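Observations on chain architecture
Next come the chains, spelled out residue by residue.
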Amino acid sequence: MSQDTYPPSADFVSKAHVSGMEAYQALYERAEKTPEDFWAELAEKELFWFRKWTHAFEWHPPFVKWFVGGTTNASYNCLDRHLATPRKDKLAIIWEGEPGDQRAITYQELHRLVCRFANVLKARGYKAGDRAIIYMPMIPELPVAMLACARLGIMHSVVFGGFSAEALKARIQDLDATAVITADGGWRRGKEVRLKDAVDEALVDCPGVRDVIVCRRTGSDVPMQEGRDLWWHELEQGVSDDCPAVELDAEHPLYALYTSGTTGRPKGILHTTGGYLLQTTMTMKWVFDLKDEDIYWCAADIGWVTGHSYIVYGPLSAGATSVIYEGAPDTPAWDRWWSMVEKYKVNILYTSPTAIRALLRQGDEWPNKHDLSSLRLLGSVGEPINPAAWEWYHRVVGKSRCPIVDTWWQTETGSILIAPMPGAVPLKPGSATLPMPGVIADIVDLDGKPARAGQEGYLIIRRPWPSMIRTIWGDPKRYEDQYWSRVPGAYFTGDAARRDEDGYFWVLGRVDDVMNVSGHRLSTMEVESALVKHPAVAEAAVVGKPDELTGQAVCAFVTLKGGGWDYDNLGSELRDWVGHEIGKFARPAEIRFTDALPKTRSGKIMRRLLREIVTTHSVTGDVTTLEDFTVVTKLSG
Ligand code: WTA
C-alpha cells in the first residue's frame, strides 16, 4: 500500500465492533455468498418484528421486496423497544437552538412526545397510506413529527427549510399530500426563517391539503387561516400519552424524499420500512462503531437524506444519544460547533467536506480554543473530500487521533454503501475505501464490462440491498430508466469512480447533469427551467463550476429576449428569481449573458463545452457537432 495510508490504532481495533481486516473480510464474504442468511440473521437480531418474514428478499428486477411477509414499525423500533432496557432513561436527543436554548430528551420522553403527536394526527383522521409534508426547522418536533407519522403508517416527505414556496408547492402536489406539518419559523444567523409564510404561499395552489399543523418556535405573528391552520400545542391538549404503533408490512412506505435528477422535475425517492431500518441500524455500528456510551453528532440537516438516515432513523433505532443543532456554524461566532463538541463531550462527529472547508478557512484558533479530546471518530459525506480538508479535519479537529470515515452513498441508496469500518480498514485520504457487507460494487463501461485497476468508469451496484430505493413516487418507468437500464442488470449510480490496486474505491463525481453544491444535489435542468420562466430570459444553460469552498458553484449562461437590458440589475434579479423558484442555496454564483449558446446541429445545448469554458477557460474537446463555432470563441474570449 502507498505511504498515505492510515491503519487503525491498536487501541481502536481492540474496542471496535469489527476488529481487523480479516473480520471485515469474513463479514463481506459471508454476505456475498449467502445474502439471504446474512440479512435474515441480522434482521432477527437487530430489529423488532410483530410477525416474522417468510423469506429475506424477492427480486424481480428492477423491483425488490425485503423481509417478505414480515410486519414491523419504524417508530416502534426507534422508541418502544428501548423502553424495556436501560436505554429507557438514556438521552435520545440533546438539542441546542441557535439562540442557545437547550433540551435533553430521554427515550421515554421522546416516546411520550411521539405518542401524543401521533394521537393528534389520528384524531384529525389521518391513517396508514395517507401522506404528510413536513416543513420545519431543526427542532425536536421535526423528528417527533416524522416518528409520529411512521407510527401510524403515514408516509412523510420532509422538505428542507431552505426550499422556497414554489419548491414546496411542487412537492405537495406531486405527493398529493393532505397534511402539512410546519412551524411559525426557525432561527438562522440570528434571523427568523419564516416557514409558515412560505406554506401559505404554496397552498394557494394545493386544494388537497386539509390541515396545516403549526408548531410554535419563534413566537412571531403568523396569520392562521380559519378551518385549515391549527396550533400543534392546542391540538395536543388532552391527548393521551400512549398510542400503539401500527403493525405494518415490511414494505410499507416510510417516506419519499425529493432529490434532483437529470430533468427539471425533482423525483420522490421512495423508501420503505424493514430493509431501510435494518441497513441504517447496521451502518451505525459498522461505520460509526457506535457504542452505548457514545455522544453522536451528525451535523447535517434533517431535510436531506443524511439527516433522515443518520440523525433520525439509524441513531434512534441503534439507541444512540444524538446531538441536534438548529442553526448556523458561525453564530454567534465560528467556534459554535467546537463549543458544542466541548460542552456535550461529543465522541463522533459527522459532517460534509463543504462544512469542513468553511471551518478550515476561519483558522485553527477557533477549534484550538476548545477541548476536543472527547472526539474519537470523524465522518464525512456528500462529496469527495479533498486532501487539504482531510488533513485539517484529521490534524486540527481529530488531533491525529481519530479515524475519518469517508462515507459514499446517495438519497437512493438509503444508507452508507461504501465506507471504511474504522477498526478494520486502513484509511486513504480521499477514498471511501471498501464496500459494506452485502454491497457488490463495481466499476464498468456502459456495456457492463469491468474496468481495470486504476481505470475510470461508472460506479454500479450489482445486487439489490435492503435500504435501496423502491421506486420513484408515481413514476416506476422513470425509476427503471434512470437506475436499471443504463448498465444491464445493475444499479447505475450516476457517479464516476476508479478502483486502485488495493480494491479501494475513489469516487470522482457525477457523470450526468447533476451538480453538487455544498453537498446539495441540484440539477442543471431544474435551475434552467427556473431561469426561463423569467420574462426576460430566452434560453439558459447551467453548468457546475469548480469552487474551492462549495465544491461546485452554479454558473448560468443566459440569452435574453430583445435588447436594452440593464445587465447589472438583471443579474441580481435573476439570482433572486432562482432563489424564489427553488431556494436561496440554488442561486447561481455567476450569470453570463451571451448572444447565443453553443448547440449541436440538431439544436441541443452542448453543456460539455460550457463546462470546459468555466473550468479551463478554453475549449479543447471535440467540437465537430457544433453548429456555429464563433459562439464558443465569443464565450471563452
Ligand atoms: C456524492 C448524500 C464522493 C455522489 C448522502 C453521490 C460523494 C451524491 C460522497 C449523492 C463521498 C456522496 N465521496 N462523492 N463520500 N458521498 N457523494 O443524494 O456524487 O444528496 O452520487 O446523498 O453525492 O448525493 P445525495
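Residues numbered from 1 in each chain as written. Predicted model: local features only at pLDDT ≥ 70, side-chain atom pairs only at ≥ 80, totals over all residues. Heavy atoms only, no water.

1. Details of the overall build of the chain
Our working definition: Helical segments are the DSSP runs of H or I of at least four residues, strand segments are the runs of E of at least two, and each set is numbered from the N terminus. Atoms counted for the radius of gyration: C-alpha only. Globule rule: 2.2 Å times the number of residues to the power 0.38. A 1.4 Å probe rolled over the protein chains alone gives each residue an accessible area, and that area as a share of the maximum for its type sets the label: buried under 20%, exposed over 50%, partly exposed in between. Whether two residues touch is decided by their heavy atoms; if any such pair falls within 4.5 Å, the residues are in contact. Per-residue accessibility takes into account occlusion by the displayed protein chains alone, with areas from the Shrake-Rupley method and a 1.4 Å probe. Here Asp and Glu are counted as negative and Lys and Arg as positive; His is not counted, and neither are the chain ends. In this description, the location of a charge corresponds to atom NZ of lysine, CZ of arginine, CG of aspartate or CD of glutamate.
The number of helices and strands found in the chain is 20 helices and 30 strands. Compactness check: the chain gives a C-alpha radius of gyration of 24 Å against a globular reference of 26 Å for 637 residues, within 12% of the reference. Reported as C-alpha extents along the three principal axes, the dimensions of the chain are approximately 75 × 65 × 55 Å. Across the 637 residues in the chain, those meeting the buried criterion constitute 60%. Restricting to contacts in the chain with at least 6 residues of sequence separation, those with at least 24 account for 70%. Accessible surface for the chain amounts to roughly 24000 Å². Of this, 51% is attributable to carbon and sulfur atoms. The positive charge centre, built from 71 side chains, and the negative charge centre, built from 84, are 1 Å apart in the chain.

2. Some thoughts on the side chain of Ser-309
Position of Ser-309 relative to the elements: it lies in helix α11 (residues 305-317). In this structure Ser-309 touches Tyr-255, Tyr-276, Thr-280, Gly-314, Pro-315, Trp-409 and Gly-414, once residues within four positions along its chain are discounted.

3. Brief notes about the packing of helix α3 (residues 35-46) against helix α10 (residues 274-286)
We apply this condition: Axis lines are fitted to C-alpha atoms, over the contacting stretch for helices. Their N-to-C directions set the angle, which ranges from 0 to 180 degrees. Angular relationships are summarised with four words: roughly parallel below 35 degrees, roughly antiparallel beyond 145, roughly perpendicular across 65 to 115, and oblique for the angles in between. Classes in brief: Ala, Val, Leu, Ile, Met, Phe, Trp, Tyr, Cys and Pro nonpolar; Asp, Glu, Lys and Arg charged; the others, Gly included, polar.
Contact geometry of α3 with α10 gives a least axis separation of 11 Å together with a crossing angle of 85°. Classified by the angle their axes make, α3 and α10 are roughly perpendicular. Between α3 and α10, the contacting residues are Phe-38, Trp-39, Leu-42, Ala-43 and Glu-46 on the first element and Leu-278, Gln-279, Thr-281, Met-282, Lys-285 and Trp-286 on the second. Taken together, the residues of the contact of α3 with α10 break down into seven nonpolar, two polar and two charged.

4. Some words on the site of the ligand
Put simply, the rule is: Being near a molecule or strand, for a residue, comes down to having at least one heavy atom within 4 Å of it. Whenever a nitrogen or oxygen atom comes within 3.5 Å of another N or O atom, the pair is scored as a polar contact, on the condition that within protein one atom can donate a hydrogen and the other can accept it, and that pairs from neighbouring residues in sequence are kept only if both atoms are in side chains.
Around the ligand, the structure places 17 residues, and the nearest of them are Asp-406, Thr-407, Thr-411, Arg-510 and Arg-521. Side-chain polar atom of Asp-495 to an oxygen atom of the ligand: 2.8 Å apart, as the coordinates give it. One nitrogen or oxygen atom from the side chain of Arg-510 is found 2.8 Å from an oxygen atom belonging to the ligand. With the chains in place, 96% of the 530 Å² that the ligand exposes on its own is no longer accessible. Of all the secondary structure elements, the ones that give two or more residues to the shell around the ligand are α11, β20 (404-407) and β25 (505-510). Class assignment of the residues belonging to the shell around the ligand gives a composition of six nonpolar, six polar and five charged.

5. What about the domain arrangement of the chain?
Put simply, the rule is: Residue ranges for the domains originate in an automatic or database domain assignment. Take the accessible area each of two parts loses on contact, using a 1.4 Å probe, and add the two losses: that sum is the buried area. Salt bridges are defined by distance alone: a side-chain nitrogen of Lys or Arg within 4 Å of a carboxyl oxygen of Asp or Glu.
Here the chain is described as being made up of domain 1 (10-77 + 253-509), domain 2 (101-244) and domain 3 (518-636). The distance between the C-alpha centroids of domain 1 and domain 2 comes to 27 Å. Between domain 1 and domain 2, the contact holds 37 residues from the first and 30 residues from the second. Note on domain 1 versus domain 2: buried area summed over both sides is about 2900 Å², and carbon and sulfur give 58% of it. Summed over the three residues of domain 1 that lose the most area to domain 2, namely Tyr-258, Glu-326 and Trp-473, the buried surface amounts to 25% of that side. The interface formed by domain 1 and domain 2 includes two salt bridges. We note a salt bridge from Glu-326 to Arg-217, for which the minimum N-O separation is 2.7 Å. Applying the counting criterion to the domain 1 and domain 2 interface returns 15 residue pairs in polar contact (both at pLDDT 80 or more).

6. Quick look at the pairing of strand β2 (residues 63-68)
Where a strand is regular, its side chains alternate between the two sheet faces. This is how it is decided: One bridge is not enough; two strands pair if DSSP finds at least two bridges between them.
Here strand β1 (residues 55-60) runs beside β2; their pairing, made up of five bridges, is antiparallel. Residue His-60 lies in a different strand from β2, and its bridge partner there is Phe-63. Linking β1 back to β2 in an antiparallel pair, the connection comprises two residues.

7. A word on unusual backbone geometry
Geometrically, the link from Pro-61 to Pro-62 is a cis peptide bond, its omega value of 0° lying close to zero. Checked against the element boundaries, Pro-62 lands in the loop between β1 and β2. Across the junction of Thr-331 and Pro-332, the peptide omega takes the value 0°, indicating a cis bond. Tracing the chain through its elements places Pro-332 in the loop between β17 (321-325) and α12 (336-344). Positive phi is not limited to glycine here, since Arg-189 has a value of about 50°. Relative to the elements of secondary structure, Arg-189 occurs in the loop between β9 (186-188) and β10 (191-193).

8. Brief notes about the environment of Gly-327
Looking at the element boundaries, Gly-327 is found in the loop between β17 and α12. Sequence-distant contacts of Gly-327, that is, excluding residues within four places in its chain, are made with Glu-98, Trp-187 and Arg-188.

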